[in-house]
Amino acid sequence: MHLKKHEITKHIEHYAATGHIPDELIPFYDQYGKWVDAPSFHHCSQEIPLLKVIKSSVLPASRRTTKNRLGMRLLTSFIWRGDEDIHVSYVEIGGSLIVDGNSNIHAPSLRHVGGSFYTSTNQKVYLPNLNIVGEHIQIMQTFDVKLPRLRHVGGRAQILGYLPPRLESVGRSLGIYWCFQAHSPCLRRVGDYLILTKAESIRLPLLEEVSGSMLLTLLVKSIDVPRLVSIGGDFLAPFADDIRAPSLRVIGGQADTSSAKGFYTPRIKVGGEWTTYPGDVEDWHRREAGRKAMKREDLLL
């Protein structure tokens, strides 16, 4: 579904000229073969002259699904509006999965969503085999979330109270809200900012890169990121008194580690202002001077 506005417009023009719906537009239809009439979904503004033509089109049933060895694949998006519980039987959704309403969501076989997964439900979200979301995921109204096998999100991820335990990479920003213990054994890369609100303890043993800022809750006391090498933006952890980041070398923006005694080291290059623990810089230089003096004495013996 990674199409730009001008690409979608070109495919709509093709349909208007030929009457054939290009394969590239299939994810922008729903499971009933109807064009998803939401500009924010497919980036097409109402000013596009041919938009009313595509709105009246219907994708044939023969082009909506296909089958592989695992089960049935839905090539379109799956759109649900209402409060009735839903059971999604597909193993793959080529477009987006959008649930607007307070439904219990059960998708026990679903492994791949090519587009985004949005839901406004405050009920249960149970997708035990979901592995990849190609674009964005947003689950912000319920704490009852189970995504135990989610590994990759291509765009943004915003989840309430739950950090998927097998999550490895997020292409853009990662925001986990109201999660008091932010522990993830597999997370390696975040493509934009990382926000962990309400977290008191953060343990990300494999995290190597945060391309944007790392914005942490005022409640955080302990941060353990032993492999983290670079933070592209700010690193703001003013109340964390225990920060373990021995591999960290670059902070692109500002840094605030004003409660972490002994964390300062000149090996970390900070692009902006660094607010350290009071006296930390001076203490480091005194320790370094003492270390060098002892080394000279050892050479003289």
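These lines cover the structure that appears in this document, whether it is placed above or below. Nothing here was measured: the structure is a model prediction, and the numbers come from that model.

Reading the values: rules and limits
- The numbers attached to residues start from 1 for each chain and follow its sequence in the written order.
- Confidence filtering applies because this is a predicted model: local features only for residues at pLDDT of at least 70, side-chain atom pairs given and counted only at 80 or more, and all residues used for totals across whole chains, interfaces and linings.
- The basis for every side-chain value is the complete set of heavy atoms in the structure, and neither hydrogens nor water enter the calculation.
- By the criteria applied, helices consist of DSSP H or I runs no shorter than four residues and strands consist of E runs no shorter than two, each listed in order from the N terminus.
- Here the globule rule reads 2.2 Å times residues to the power 0.38, and the radius of gyration is calculated from C-alpha atoms.
- Burial here depends on accessible area, computed with a 1.4 Å probe over protein chains only, as a share of the maximum for the residue type. Under 20% is buried, over 50% is exposed, and the range in between is partly exposed.
- We call two residues in contact whenever any of their non-hydrogen atoms come within 4.5 Å of each other.
- Strands were regarded as paired on the criterion that DSSP finds at least two bridges between them.
- For our purposes a nonpolar core is just a set of buried Ala, Val, Leu, Ile, Met, Phe, Trp, Tyr and Cys residues, chained together by side-chain atoms within 4.5 Å.
- Here the aromatic set is Phe, Tyr and Trp, taking the six-membered ring for Trp, and pairing holds for ring centres within 6.5 Å; pairs whose planes are under 30 degrees apart are stacked, those over 60 apart are edge-to-face, and all others are tilted.
- To sit over a ring, a charge needs its Lys NZ or Arg CZ within 6 Å of the ring centre and within 35 degrees of the ring normal.

**So, the overall build of the protein**
Argument step 1. Check the secondary structure of the protein and you find four helices and 31 strands.
Argument step 2. Scaling as 2.2 N^0.38, a compact globule of 301 residues should have a C-alpha radius of gyration of about 19 Å, whereas the protein reaches 25 Å, well beyond that.
Argument step 3. With the C-alpha coordinates aligned to their principal axes, the bounding extent of the protein is approximately 90 × 40 × 35 Å.
Argument step 4. Taking all 301 residues of the protein together, the buried fraction comes to 46%.
Argument step 5. Excluding contacts between residues fewer than 6 apart, the proportion of contacts in the protein whose partners are at least 24 apart in sequence is 12%.

**A closer look at the sheet that holds strand β4 (residues 86-87)**
Where strands meet in a sheet, backbone hydrogen bonds hold them as pairs that are either parallel or antiparallel.
Argument step 1. Spatially, four strands are ordered β4-β7-β10-β13 in an open sheet, and the strand pairing comes out parallel. Each edge of the open sheet carries a strand with a single partner, namely β4 and β13 (145-146).

**A look at the nonpolar core**
Argument step 1. Of all hydrophobic cores here, the largest spans 63 residues; its most connected members are Leu127, Leu147, Leu174 and Ile223.
Argument step 2. Of all the secondary structure elements, the ones that give two or more residues to this core are β6 (97-100), β12 (137-139), β15 (157-160), β17 (174-177), β20 (194-196) and β23 (214-216).
Argument step 3. Those residues in contact with Ile223 that sit more than four places away from it in its chain are Ile202, Leu216, Phe235, Ala237, Ala240, Asp242, Ile243 and Arg244.
Argument step 4. With 13 residues, the next largest nonpolar core counts Leu3, Leu25, Trp35 and Leu59 among its residues.

**Quick look at the side chain of His136**
Argument step 1. Counting through the fold element by element, His136 comes out in the loop between β11 (132-133) and β12.
Argument step 2. His136 has contacts with Gly115, Ser116, Phe117, Tyr118, Gly155, Arg156 and Arg172, leaving out every residue within four places of it along the chain.

**Considerations on the packing of aromatic side chains**
Argument step 1. In this structure the tally under the stated criterion is seven aromatic pairs.
Argument step 2. On the basis of an interplanar angle of 45° and a centroid distance of 6.2 Å, the ring pair of Phe28 and Trp35 is categorised as tilted. Summarising the burial analysis for this pair, Phe28 and Trp35 share the class buried.
Argument step 3. Centroid distance Tyr29 to Trp35: 5.3 Å. Interplanar angle 80°. Geometry classified as edge-to-face.
Argument step 4. Seen from the ring of Tyr126, Lys124 lies directly overhead, with NZ or CZ sitting 5.1 Å from the centre.

**Looking at the environment of Val270**
Argument step 1. Secondary-structure assignment places Val270 in strand β30 (residues 269-270).
Argument step 2. When the C-alpha atoms of Val270 and Asp234 are compared, they prove to be 9.0 Å apart, with 36 residues separating the residues in sequence.
Argument step 3. Not counting residues within four places of it along the chain, the set of residues in contact with Val270 comprises Ile251, Gly253 and Ala255.

Purely spatial values, then, with no claim about function.
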